[in-house]
Amino acid sequence: MIRGVDALQERMVVRRLISLTGLLALATVLMFPASAWPQTGGAAESTTADNLKYFDFFVVKGGWIAYIIIMLSVVAMALTIEHCISIRRATIVPPAAAGQLRSMIEEKRYVEALQFAAEEPSMIGHVVMAALRDSPNGFAAMERAMDECLEERSAKLFRKIEYLNIIGAVSPMLGLFGTVVGMIMLFAEIHAADAFPRAQTVADNVAVALVTTFWGLAVAIPSLSVYAVFRNRIDVLVSECALESDRILSVFKPTASRASAEEALTATVAEERHAIPT
């Protein structure tokens with residue numbers, strides 16, 4: 001059941017990312033001014049330098065490399081929106097779910113607690129479920145299961161945000177690649193003309209170099225910043241989940257006053273284990 005829930009969540013995340021990327025790409029296309037597209041007839045003849053938009057300077061002059069970097073920015077925005085939705089306290093350590101689990105265990109409703117934890121999609125549900133399933137092996141085994149589940153879930157979240165780090169690292173490299181291409185094109189023009197080319201030719205080739213560098217930095221800086229924010233948020237939320245899980249399971253600590261509760265849970269899990277598939 002747990003694996004089925006994980007697969008469903010992953011499919012939902014993928015669909016959400018595809019939808020967000022498509023919407024952002026469509027919005028980017030719709031924001032293109034008319035001067036970005038080829039013009040014919042009188043419209044082309046009437047285009048002058050005075051009508052040149054900022055879009056032409058900061059996008060069109062960068063060529064195909066600038067478009068690739070801009071598409072990476074669209075993906076980065078989609079990832080940021082998805083992470084803002086999925087990486088938050090309400091989806092990792094929801095107070096309502098933690099309180100419900102705590103009350104069930106304190107009231108010795110162990111079967112209901114097992115079923116509730118198995119159906120709870122948040123991290124704390126998975127952690128408590130992993131600990132309860134190992135309760136027949138003692139509290140030490142429960143702690144090990146809890147730690148392993150926390151490590152697995154946190155690693156999954158860190159892998160999830162790693163794409164922002166990749167975009168932040170690749171974008172400046174693409175900008176540098178555009179810089180090299182622009183300079184090569186400039187020197188090729190000089191070589192072909194056997195003289196220094198016109199100012200417009202120089203400006204066009206230098207624009208490729210500068211615009212791609214601009215976009216590489218413009219995408220990398222926010223991507224790496226957002227990556228750092230989510231990395232810190234994951235650290236905080238995982239720590240909160242560990243503390244809350246420890247509070248929930250503290251009733252099973254091997255003390256004289258709680259030995260009966262641990263024995264009761266062990267018996268309950270042994271009887272009901274077959275009811276919850278692995």
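Since this is a predicted model, take the numbers as computed values, not measurements.

### Some remarks on the overall build of the protein
When you go through the protein residue by residue, the secondary structure sums to 11 helices and zero strands. Ordered by position in the sequence, the α and β elements of the protein form the string α-α-α-α-α-α-α-α-α-α-α. With 278 residues in all, the protein has 38% of them scored as buried. Of the contacts formed within the protein by residues at least 6 apart in sequence, a portion of 77% connects residues at least 24 apart.

### Here's the deal with helix 10 (residues 199–249)
For helix 10, built from 51 residues, the straight-helix expectation of 75 Å at 1.5 Å per residue is met to within 8% by its first-to-last C-alpha distance of 74 Å. The largest bend in helix 10 comes to about 25 degrees, at A207.

### Quick notes on a negative patch on the surface
On the surface, a cluster of negative charge is made up of E143, D147, E148 and E151. With respect to the helices and strands, E143 occurs in helix 9 (residues 139–193). We classify E143 as partly exposed; its relative accessible area is 33%.

### Details of the packing of aromatic side chains
Evaluated as defined, the whole model comprises two aromatic pairs. Centroid distance W64 to F177: 6.2 Å. Interplanar angle 65 degrees. Geometry classified as edge-to-face. Here W64 is found in helix 4 (residues 63–86), whereas its partner F177 is found in helix 9, with 113 residues between them in sequence. A relative accessible area of 55% means that W64 is categorised as exposed. An angle of 75 degrees between the planes, with centres 5.4 Å apart, marks the rings of F214 and W215 as edge-to-face. Assessed through its relative accessible area of 38%, F214 is described here as partly exposed.

### Considering the packing of helix 7 (residues 110–119) against helix 8 (residues 123–133)
Relative orientation of the contacting elements helix 7 and helix 8 amounts to 135 degrees, with a least axis distance of 8 Å. In terms of orientation, helix 7 lies oblique with respect to helix 8. In the crossing of helix 7 with helix 8, the sense of the turn from one axis to the other is left-handed. For the pair formed by helix 7 and helix 8, the contact residues are A113, L114, A117 and A118 on the first element and G125, V128, M129 and L132 on the second.

### Let's talk about the state of the cysteines
Every disulfide links exactly two cysteines, by a covalent bond between their sulfur atoms. Tallied over the entire structure, the rule returns zero disulfides. A disulfide-free cysteine, C149 has its sulfur positioned 7.8 Å from the sulfur of C241, the nearest such atom.

### Details of the nonpolar core
By size, the foremost hydrophobic cluster in this structure holds 48 residues, and its most contacted members are L132 and L249. Where this core is concerned, the elements lending two or more residues are helix 4, helix 6 (95–106), helix 7, helix 8, helix 9 and helix 10. For this core, the element with the most residues is helix 10, which contributes 11 residues. Apart from residues lying up to four places away in sequence, L249 is in contact with I105, V128, A131, L132, F139, M142 and M146.

### Some remarks on the pattern of salt bridges
Scanning the model with the defined rule gives six salt bridges in all. Across the pair E240 and R89 runs a salt bridge whose closest N-O atoms are separated by 2.7 Å. Residue E240 is located in helix 10, and its partner R89 is located in helix 5 (residues 89–92); the two are separated by 151 residues in the primary sequence. A relative accessible area of 26% places E240 in the partly exposed class. Here R109 and E112 are joined by a salt bridge, their closest N and O atoms 2.8 Å apart. Judged by its relative accessible area of 29%, R109 falls in the partly exposed class. Take E112: its relative accessible area is 38%, and that puts it in the partly exposed class.

### A closer look at the packing of helix 4 against helix 10
Where helix 4 contacts helix 10, the axes come no closer than 10 Å and their chain directions differ by 15 degrees. As summarised for this structure, helix 4 and helix 10 are arranged roughly parallel, according to the angle between their axes. With respect to the hand of their crossing, helix 4 and helix 10 are arranged in left-handed fashion. Together, I65, A66, I69, I70, S73, A76, T80, H83 and C84 of helix 4 and V211, T212, W215, G216, V219, S223, V226, F230 and R233 of helix 10 make up the contact between the two elements.

Basis of the calculations
Residues numbered from 1 in each chain as written. Predicted model: local features only at pLDDT ≥ 70, side-chain atom pairs only at ≥ 80, totals over all residues. Heavy atoms only, no water. Helix = DSSP H or I, 4+ residues; strand = E, 2+ residues; numbered from the N terminus. Buried < 20%, exposed > 50% of the residue type's maximum accessible area, 1.4 Å probe, protein only. Contact = heavy atoms within 4.5 Å. Expected span 1.5 Å × (residues − 1). Bend = angle between axes of the 7 residues up to and from the residue. Patch = residues over 30% accessible without salt bridge, like charges linked within 9 Å, V, L, I, M, F, W, Y side chains within 5 Å. Areas by Shrake-Rupley, 256 points an atom, 1.4 Å probe, with all protein chains shown as cover. Salt bridge = Lys/Arg side-chain N within 4 Å of Asp/Glu carboxyl O. Lys, Arg positive; Asp, Glu negative; His and termini not counted. Charge placed at Lys NZ, Arg CZ, Asp CG, Glu CD. Phe/Tyr/Trp six-rings, centres within 6.5 Å; stacked < 30°, edge-to-face > 60°. Axes fitted to C-alpha atoms, helices over the stretch in contact; angles between N-to-C directions. Parallel < 35°, antiparallel > 145°, perpendicular 65-115°, else oblique. Left-handed = near helix turned anticlockwise from the far one by under 90°. Disulfide = S-S within 2.5 Å. Core = buried A, V, L, I, M, F, W, Y, C linked by side-chain atoms within 4.5 Å.

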